[in-house]
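Residue-level structure breakdown
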Amino acid sequence: MQTASRSTQKDTNETEPSMADQRSPNPTTPDTMLTSAHDRYGDSSVLEIRTVPVPEVKPHTVLVQVMSAAINPLDWHKMTGTPWLVRMQGGFRTPKHKVLGVDVAGRVVAVGSEVTDFQPGDEVVAVTGSCLAEYVSVPADALVRKPSNVSFDQSMGAGVAGLTALQGLRDKAKLAPGQHVLINGASGGVGTAAIQVAKSMGAEVTAVCSTRNLEMVRSLGADHAIDYTAEDFTASDQRYDVIFDNQGNRKLGLMKELLTNEGIYLLVGGPKSNKLLGPMGHMLHAIVRFKFSSKSAQPFLASQRRDDVSELTDLLATGRLRTVIDANYSLNDVAQAMDQLAGGHVSGKVVINP
């Protein structure tokens, strides 16, 4: 087992292949692999590195050697089993799915008998499951080809955070050119994607973040950047057509006042204090608060859509979307990566390189 390591990476313009990208395109597939798994809910101490059989290749699946994976708040909720709503799908007493991770980029090493679109050596991206491993079995209809000018690490921008930004702004908010968007929590994985997706749609963007991330959000295209440690953005006279709220840390009444008469409050995150519903409790409260108003609240969770992953890879390939990477960890250090994520001060993505 290799010694785990962590490196910090802030360059949003990375195009050179990472060390993971250098692996042989036709590796010999072993019988076993390493994975990060958990049999019970809890903090990062429940995670274990295990040796398990490499997944079987079924007729409609593709075996992918994982070059890059990413962890998201979704994985933290699945690891801890909180809020209790998570356990309704993931297992009440113990987790049904023992391996975390939904964002993956890698190389195809084997294809099922019914798969015709991919072959060994192809470089691919997917939003699937059980990605914190050396190999993962992915349904062929979930895979998208990785652009040749985008590294495996940079491909993590086409994961669940990118899907949240794209589907929220395009489908829920129906963002139009010239509209003004406020992004609360603009420096995380979803926020950095939302800045760029909104700009690609022709919007004017105001990004709310901490002092240390002001220059970063400006480099991604934000027209205005507000330091929440020095300024209360809810006290502004500015009105917004769309508020994209990753935090849910301000009173709903104040957020409502910031909207134009037909404005949309897009809520994609919220406080974790509600043990039963978690952020969903804040989302339900928002729906009630906006019910009898020309302004609307649109809480939502992203869906795994192959076409949308493909659209995000197109944005990456053309430079309209850049993935901010806060840190890289080895598979052995997934617990440490989860601790960083739980701290709530991640700038962009946390990437795992098995």
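Throughout this document, residue positions are counted from 1 along each chain, in the order its sequence is written. The predicted nature of this model means local features are confined to residues of pLDDT at least 70 and side-chain atom pairs, given and counted, to a pLDDT of 80 or more, with totals for whole chains, interfaces and linings taken over all residues. The side-chain figures draw on all heavy atoms in the structure; neither hydrogens nor water molecules are used.

For any pair of aromatic rings, geometry is given as the distance between the ring centres together with the angle between the planes. A pair of Phe, Tyr and Trp rings is counted when the ring centres sit within 6.5 Å of each other, with Trp represented by its six-membered ring. The angle between the planes then sorts it: under 30 degrees is stacked, over 60 is edge-to-face, the rest tilted. With the rule as written, the count across this model stands at zero aromatic pairs. Here the guanidinium or amino end of Lys146 rests over the ring plane of Phe152, the centre of that ring lying 4.8 Å away. Ring-over charges, as used throughout, are those where CZ of Arg or NZ of Lys falls within 6 Å of the ring centre and within 35 degrees of the ring normal.

On to helix H8 (residues 306-317), then. The end-to-end C-alpha distance of H8, which contains 12 residues, comes to 16 Å, matching closely the 16 Å that a straight helix rising 1.5 Å per residue would cover. The cut-offs for exposure are 20% and 50% of the maximum accessible area for each residue type, with area from a 1.4 Å probe on protein chains only; residues under the lower value are buried, those over the upper are exposed, and the others partly exposed. Note on conventions: DSSP H or I runs of at least 4 residues are helices, E runs of at least 2 residues are strands, and numbering of each starts at the N terminus. For H8, every residue scored as buried is listed here: Asp308, Val309, Leu312, Thr313, Leu315 and Leu316. Considered in projection along H8, the buried side chains sweep an arc of 155° and stay on one side of the axis. For H8, the secondary structure elements touched by its buried residues are strand S6 (123-127), strand S8 (144-145), helix H3 (160-172) and helix H4 (189-200). Just downstream of H8, Gly319 is the residue with a positive phi angle, here 80°. A helix is expected to reach a length of 1.5 Å times the quantity of its residues less one. Working note: the arc is built from the helix axis to C-beta atom directions. Whether two residues are in contact is decided by their heavy atoms: any pair within 4.5 Å suffices.

The biggest cluster of nonpolar side chains holds 50 residues, and the ones touching the most others in it are Leu169, Val181, Ile183, Ile195, Val217 and Phe244. Residues within four places of Leu169 in sequence aside, it is in contact with Lys174, Leu175, Val181, Ala194, Val197, Ala198, Met201, Val242, Phe244 and Leu266. In this text, buried Ala, Val, Leu, Ile, Met, Phe, Trp, Tyr and Cys residues form a nonpolar core when linked through side-chain atoms within 4.5 Å. The next biggest cluster of nonpolar side chains, apart from the first, holds 36 residues, and it includes Leu34, Leu47, Tyr329 and Val346.

Bringing the pairing of strand S9 (residues 180-184) into the picture now. Of all the five residues making up S9, five are buried; the element is thus mostly covered by neighbouring parts of the structure. Across the two faces of S9 the burial is the same, with His180, Leu182 and Asn184 and Val181 and Ile183 all buried. Pairing of S9 with strand S10 (residues 204-209), which is carried by five bridges, proceeds in the parallel orientation. Among the inter-strand pairings, His180 is bridged to a residue of S10, identified as Glu204. In this analysis, strands are considered paired if DSSP registers two or more bridges between them.

It is worth spelling out empty space enclosed by the protein at this point. The pocket and cavity definitions rest on a 1 Å grid over protein atoms only: a 1.4 Å probe that fits but cannot leave marks a cavity, an open set with protein on both sides within 12 Å along at least five of seven lines marks a pocket, and residues lining either have an atom within 4 Å of a point. Grid points are joined across faces, edges and corners, and a volume is the space filled by probe spheres set on the points. Enumeration over the complete set of coordinates arrives at one cavity of 30 Å³ or more. Reported here for the largest cavity is a volume of approximately 70 Å³. If you trace the largest cavity, you find 13 residues lining it, with Gly157, Gly189, Thr192, Ala193 and Thr323 closest to the centre. Put simply, the parts of the chain that give the lining of the largest cavity at least two residues each are H3 and H4. Residues are sorted three ways: Asp, Glu, Lys and Arg are charged, Ala, Val, Leu, Ile, Met, Phe, Trp, Tyr, Cys and Pro are nonpolar, and all the rest, Gly among them, are polar. Here the lining of the largest cavity is composed, by residue class, of five nonpolar, six polar and two charged.

With that out of the way, let us pick up the pattern of salt bridges. What makes a salt bridge here is a side-chain nitrogen of Lys or Arg within 4 Å of a carboxyl oxygen of Asp or Glu, nothing more. Summed over the entire model, instances satisfying the criterion amount to 15 salt bridges. Across the pair Asp39 and Arg50 runs a salt bridge, and its minimum N-O distance is 2.5 Å. With Asp39 in the loop between strand S2 (32-37) and strand S3 (48-53) and Arg50 in strand S3, this pair connects stretches of sequence that are 11 residues apart. Where Asp171 meets Arg170, a salt bridge forms, and the shortest distance between an N and an O atom there is 2.7 Å. Take Asp171: its relative accessible area is 27%, and that puts it in the partly exposed class. Classification of Arg170 as partly exposed rests on a relative accessible area of 25%. If you follow the salt bridges from partner to partner, you end up with Arg170, Asp171, Arg305, Asp308 and Glu311 in one network.

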